[in-house]
Amino acid sequence: MSNPPFTPDHFHRAVPDGDDHERLVCRDCGFVSYENPKIIAGAVVTAGDQIMLCKRSIHPQRGRWTIPAGFLEMGEAPHEGAVREAMEEACATIEIIDLLGVYSVRRISQVHMMYRARLASPDFKPGFESLEVKLFDWRDIPWDELAFPSVHWVLNHFDEVRGQSGFAPFTNPEGWEEV
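Residues numbered from 1 in each chain as written. Predicted model: local features only at pLDDT ≥ 70, side-chain atom pairs only at ≥ 80, totals over all residues. Heavy atoms only, no water.

## Looking at the pattern of salt bridges
Stated formally: One speaks of a salt bridge when a side-chain nitrogen belonging to Lys or Arg is within 4 Å of a carboxyl oxygen belonging to Asp or Glu. Numbering goes from the N terminus for both helices and strands, where a helix is a DSSP run of H or I of at least four residues and a strand is a run of E of at least two.
For the structure on display, the rule yields 10 salt bridges. Linking R84 and E88 is a salt bridge whose minimum nitrogen-to-oxygen distance equals 3.0 Å. Linking R84 with E88, this pair stays in helix α1 (residues 78–90), spanning 4 residues, or about one helical turn.

Spelled out as structure tokens, the structure:
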């Protein structure tokens, strides 16, 4: 005998025995479907003193600049996701240096794991998710054209710990949750 199909009408919100949070629970078998935050992996990629940015070809924020980053895939380690995202968005081979920071964006249930990386090859070009890829000097970063508030925070954190090695603890700045 096989299990019934898991369709939305089989689930209701309830607090399972031994738990203290309301969850999606199957009415038929009691299976608990946990809803957990999404993990974003990415990197601040450098070539010398320049920083790589990608102009998005997809929504949201099409036409705005970002660092190569995106949702982690099932079975993928965060550093592997950062490497994959650089390849997808910039056709760039990167070398991970270290973990820059872990950032919580509670209002949209995301955890961002951002790395410091260097361009391993001078070759890069727009991938299918980018209109343009460019290396910027710090003073030339198009701050008013960045895609997401988190890109501002990651880049500013990168600048604050520039020259330091190893994981750099980060406290979400004032207003992080409201943006």
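## Details of the pairing of strand β9 (residues 110–119)
Test applied: Exposed residues in this analysis have more than 50% of their type's maximum accessible area, buried residues have under 20%, and partly exposed residues fall in between, with area computed by a 1.4 Å probe over protein chains only. Strand pairing is assigned whenever DSSP identifies at least 2 bridges connecting the two strands.
Counting buried positions along β9 yields 8 of 10 residues, so the element is predominantly enclosed. Bridge count for strand β8 (residues 94–105) against β9 is 10 bridges, and the pairing is antiparallel. When the sheet's bridge partners are listed, I96 is paired in β9 with A117. A loop of 4 residues connects β8 with β9, the two strands running antiparallel in sequence, and S109 in this loop sits at a positive phi of about 50°.

## Remarks on the packing of aromatic side chains
Two aromatic rings, taken as a pair, are described by how far apart their centres are and by the angle between their planes. Here is the rule: Within 6.5 Å between ring centres, the rings of Phe, Tyr and Trp (the latter by its six-membered ring) count as paired, and their orientation is classed by plane angle as stacked under 30 degrees, edge-to-face over 60, tilted in between. In this scheme, Lys NZ or Arg CZ marks a charge over a ring once it lies within 6 Å of the ring centre and within 35 degrees of the ring normal.
Following the criterion strictly, the structure yields 2 aromatic pairs and no others. Ring geometry for W65 against F136: centres 5.1 Å apart, planes inclined by 85°, an arrangement best described as edge-to-face. Highlighted residues: W65 in strand β6 (residues 65–66) and F136 in strand β10 (residues 130–136), separated in sequence by 71 residues. Relative accessible area serves as the criterion here: at 4%, W65 is assigned to the buried category. On the basis of relative accessibility, which here comes to 7%, the residue F136 falls in the buried class. Taken together, a centroid distance of 5.2 Å and an interplanar angle of 70° make the contact between W138 and W143 edge-to-face. A relative accessible area of 25% places W143 in the partly exposed class. Here R162 stacks its cationic end above the ring of W138, 5.1 Å away from the centre of that ring.

## Quick look at the side chain of R23
Stated formally: Within 3.5 Å is the distance limit for a polar contact, defined as a pair of N or O atoms, with the added protein rule that one can donate a hydrogen and the other accept it, and that residues adjacent in sequence qualify only through two side-chain atoms. The criterion used for residue contact is that any of the two residues' heavy atoms lie within 4.5 Å.
Tracing the sequence through the fold places R23 in strand β2 (residues 23–26). For R23, a relative accessible area of 18% corresponds to the buried category. A polar contact of 2.9 Å, which involves the side chain of R23, links it to the side chain of D19. Those residues in contact with R23 that lie beyond four places of it in its chain are H12, R13, A14, P16, V32 and Y34.

## Thoughts on unusual backbone geometry
A negative phi holds for most residues other than glycine; trans holds for most peptide bonds. The amide bond that connects H59 to the next residue, P60, takes the cis arrangement and shows omega of 0°. Mapping P60 onto the fold places it in the loop between β5 (50–56) and β6. Positive phi values are uncommon outside glycine, yet C91 reaches one of about 45°. Locating C91 in the fold gives a position in the loop between α1 and β8. Taking relative accessible area as the criterion, C91 reaches 27% and is therefore assigned partly exposed.

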